[in-house]
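Descriptive structure summary
Below are the chains, spelled out letter by letter.
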Amino acid sequence: MSSVRRALGVAVSIALPLAATACSTGPSLENRGEVIAPPGDSRHLTIGSAGFTESDLLAQMYALLLNRAGYHTKILAVTNREIYEPALESGQIDVVPEYAATFADWLNAKANGAAAKPVGSPDLATTMKSLRSLAAARGLTVLDPGRAVDQNAFAVAAGYARKHHLRTLSDLGGSGLPVRLAAGDECVRRPYCAPGLKKTYGVDITGIDPKGVGTTPAKQAVERGQDQMVLTTTTDATLGRFGLVLLADDRHLQNADYLVPVVNRARAGSRGVTRALDKLNTVLTTKDLALMNQQVDSRRRLPEDVSRAYLESKGLIPLSG
């Protein structure tokens, strides 16, 4: 991923000098007043990016929308949630793009221990209720989700799908075909992966080829017929290059990982911030995000340029001169 630098407070990608230790409870006693204080409206906001293409794109769009609304912004690239979430609580970071179900489960485990029962689910409303409750206890506000969702997804070769009349994961399970799955090592035990495919869809997983999630070697293995299916994501725009197609998750195995902005309430909980970021909800779709990912990953365009062009095309910011 490219580090993008912009002058005059638009978007600057810099290192984050923060402690990596995350506390396991909510705000300390001396900071609890910030949780119940009126929402803040700092005019200088720091936006966190998790350092991968999609997060960089979202951070850039957040910055551009906030700049348009009169805020001054900078972007901090942080690759580790264990670092950026405590920084969000403390106000060193004011806004981050997150994924509803994943972040809900992460906060739940932080508050209640690694063995806590997951609160993220395929139901968006249920997931958002749990997420907002967990976030509020830490002085964070979760804004409304939009239309874009980045979930785990499974792809097969297009020819394989045609031959066996496969459009959904239910079709695959009903076919009885043996499936070797290209995925990460953890797929063996993760409920959304091999165990879920067997339990929810009856897919006959004969083995896991540990080539990673959505990596080029994993896709090539399916393209060449070494494996029958690959674990990837719904915003993967490179599948066509390998002759692959997604099978629909028609029984909703995957959790509701809709994109949501999360803000530090004491610094960025104002209506001004909410209104600026909510504008993205009306236009950004999963397909749009996949195409933007493709422009950065395959065409080597800068996330800043891709984000600006997208917002301009939707009329959310004025055309650059």
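So, here is what we can say about the structure in this document. Within any chain, residue numbers begin from 1 and follow the written order of that chain's sequence. Residues qualify for local features only when their pLDDT is at least 70, as the model is predicted, and side-chain atom pairs are given and counted only at 80 or more; totals for whole chains, interfaces and linings, by contrast, use all residues. In computing side-chain values, all of the structure's heavy atoms are included and hydrogens and water are not.

With that out of the way, let us pick up the sheet that holds strand S7 (residues 178-183). By the convention used here, strands pair only if DSSP detects at least 2 bridges between them. Under the scheme used here, helices are H or I runs from DSSP no shorter than 4 residues and strands are E runs no shorter than 2 residues, and both carry numbers assigned from the N terminus. Judged by pairing direction, the sheet is mixed, and its 5 strands sit side by side in the order S8-S7-S9-S6-S10 without closing on themselves. With one partner strand each, in any of the chains shown, strand S8 (204-210) and strand S10 (244-247) form the two edges of the open sheet. Strand-to-strand twist in this sheet, taken as the mean axis angle between neighbours without regard to direction, amounts to 40°. Two strands pair when backbone bridges link them, and S7 and S8 are joined in this way by 6 bridges, in the parallel orientation. Across the sheet, Leu181 pairs through a bridge with Ile208, a residue of S8. Working rule for contacts: check all heavy atoms of both residues, and any pair within 4.5 Å makes them a contact. Each axis is a line fitted through C-alpha atoms, and for a helix only the stretch in contact is used; angles between axes span 0 to 180 degrees, taken between their N-to-C directions. Across the face of the sheet, helix H8 (residues 194-201) comes into contact with strand S6 (152-157), S7, S8 and strand S9 (229-233) while running at roughly 165° to S8. Contacts between helix H9 (residues 216-223) and the sheet are confined to S6, S7, S8, S9 and S10, with S9 contributing the most and set at about 145° to the helix.

Helix-helix packing is described using two parameters, namely the angle between the two axes and the distance between the axes. Remark: helix H3 (residues 81-90) packs on helix H4 (residues 100-112), axes separated minimally by 12 Å, with the N-to-C direction vectors making an angle of 80°. In terms of orientation, H3 and H4 fall into the roughly perpendicular class. On the side of H3, the interface is formed by Arg81, Glu82, Glu85, Pro86 and Glu89, while H4 contributes Thr102, Phe103, Trp106, Leu107 and Lys110. For the contact of H3 with H4, the residue count by class is 4 nonpolar, 1 polar and 5 charged. Should an angle lie under 35 degrees it is considered roughly parallel, over 145 roughly antiparallel, and from 65 to 115 roughly perpendicular; all remaining angles are considered oblique. Three residue categories are used. Nonpolar comprises Ala, Val, Leu, Ile, Met, Phe, Trp, Tyr, Cys and Pro, charged comprises Asp, Glu, Lys and Arg, and polar comprises the others, including Gly.

This brings us to the state of the cysteines. A pair of cysteine sulfur atoms is labelled a disulfide when the two atoms are within 2.5 Å. One pass over the full model with this rule turns up 1 disulfide. What pairs with Cys187 in a disulfide is Cys193, and their sulfur atoms sit 1.8 Å apart. Around the S-S axis, the bridge from Cys187 to Cys193 shows a dihedral of about -85° and counts as left-handed. Taken as a pair, Cys187 and Cys193 share a single burial class, namely buried. Summary of the burial criterion: residues with accessible area below 20% of their type's maximum are buried, those above 50% are exposed, and those between are partly exposed, where the area comes from a 1.4 Å probe applied to protein chains only.

So, about a positive patch on the surface. Taken together, the side chains of Arg68, Arg271, Arg275 and Lys279 define a basic patch exposed on the protein surface. Here Arg275 lies in helix H11 (residues 271-278). Residues enter a patch when their relative accessible area is above 30% and they make no salt bridge; the linking distance is 9 Å between like charges and 5 Å between nonpolar side chains (Val, Leu, Ile, Met, Phe, Trp, Tyr). Note on areas: Shrake-Rupley, 1.4 Å probe, and residue coverage restricted to the protein chains presented here. For this analysis, a salt bridge means a side-chain nitrogen from Lys or Arg found within 4 Å of a carboxyl oxygen belonging to Asp or Glu. The convention is simple: Lys and Arg are positive, Asp and Glu are negative, and His and the chain ends are not counted. For charged residues, the charge sits on one atom: NZ in Lys, CZ in Arg, CG in Asp, CD in Glu.

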